[in-house]
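Here are the chains, one letter per residue:
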Amino acid sequence: MIVYAECEFFIPASHSLKDKRAVLQRMLVRARQKFNLSAAEIGHQDVWQRTRLALVTVASTREAAEREMQRVLHFLDSNSAWERLSTETDYL
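Residues numbered from 1 in each chain as written. Predicted model: local features only at pLDDT ≥ 70, side-chain atom pairs only at ≥ 80, totals over all residues. Heavy atoms only, no water.

Undergrad: Before we go on, may I ask you to explain the sheet that holds strand β2 (residues 38-43) in this structure?
TA: Adjacent strands of a sheet pair through backbone hydrogen bonds, lying either parallel or antiparallel. Taken in spatial order, the four strands line up as β2-β3-β1-β4 in an open sheet, and their pairing is antiparallel. Edge positions in the sheet fall to β2 and β4 (83-91), since each of these pairs with one other strand and no more. The sheet shows a mean angle of 20 degrees between the axes of neighbouring strands, taken without regard to direction. Looking at chain direction, strand β1 (residues 2-10) and strand β3 (residues 50-58) are connected through nine bridges and run antiparallel. Directly across from V3, in β3, lies its bridge partner T57. Against the sheet, helix α1 (residues 17-34) contacts β2 and β3, and its axis sits at roughly 155 degrees relative to β2. Contacts from helix α2 (residues 62-77) reach β1, β3 and β4, with the element oriented near 150 degrees to β3. (Pairing = 2+ DSSP bridges. Helix = DSSP H or I, 4+ residues; strand = E, 2+ residues; numbered from the N terminus. Axes fitted to C-alpha atoms, helices over the stretch in contact; angles between N-to-C directions. Contact = heavy atoms within 4.5 Å.)

Structure, rendered in structure tokens:
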């Protein structure tokens, strides 16, 4: 089972693309190391305080894939440098 999620985040303390990239890269690297996950920025690349991420995880069952995605989202939400605005999830 494949779970695909698109998440939009607001980064209020970011005042430049460099600030945004620092927060974004730190979280994506940690998430990839910690979870069974592929992740990439897919939107708002030229906007200082917003980002849109695509997250994908694969597991043998739907429940396991959903559980892993929820763990990833909880991890991303734990960073006080940004705030999740929306999440869209799809199952393939």
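Anyway, onward from the coordinates.
Undergrad: Explain the side chain of E68 here, please?
TA: With respect to the helices, strands and loops of the structure, E68 is situated in helix α2. Side chain to side chain, E68 and R71 meet in a polar contact 2.8 Å long. Not counting residues within four places of it along the chain, the set of residues in contact with E68 comprises F35, N36 and T57. (Polar contact = N/O pair within 3.5 Å; in protein donor to acceptor, adjacent residues only side chain to side chain.)

Undergrad: Looking at this structure, I do not really get the nonpolar core. What am I missing?
TA: One finds L37, L53, L55, L76 and W82 to be the most contacted residues of the largest nonpolar core, which totals 23 residues. The set of elements that each furnish at least two residues to this core consists of β1, α1, β3 and α2. With six residues, the single largest contributor to this core is α2. (Core = buried A, V, L, I, M, F, W, Y, C linked by side-chain atoms within 4.5 Å. Buried < 20%, exposed > 50% of the residue type's maximum accessible area, 1.4 Å probe, protein only.)

Undergrad: What is the right way to look at the pattern of salt bridges in this model?
TA: Here the idea is simple: oppositely charged side chains can pair when their charged atoms come close. In this structure the tally under the stated criterion is nine salt bridges. Residues E88 and R52 are paired through a salt bridge, measuring 3.1 Å at the closest nitrogen-oxygen approach. Placement of the pair is E88 in strand β4 and R52 in strand β3, with a sequence separation of 36 residues. For R52, a relative accessible area of 14% gives the class buried. Members of the salt-bridge network, linked through shared partners, are E6, E8, R50, R52 and E88. (Salt bridge = Lys/Arg side-chain N within 4 Å of Asp/Glu carboxyl O.)

Undergrad: Looking at this model, I keep getting lost on a nonpolar patch on the surface. Mind explaining?
TA: Together, I2, V58 and L92 line one region of the surface with nonpolar side chains, adding up to about 260 Å² of accessible area. Mapped onto the fold, L92 is located in the segment after β4. By relative accessible area, which is 60% here, L92 ends up exposed. (Patch = residues over 30% accessible without salt bridge, like charges linked within 9 Å, V, L, I, M, F, W, Y side chains within 5 Å. Areas by Shrake-Rupley, 256 points an atom, 1.4 Å probe, with all protein chains shown as cover.)

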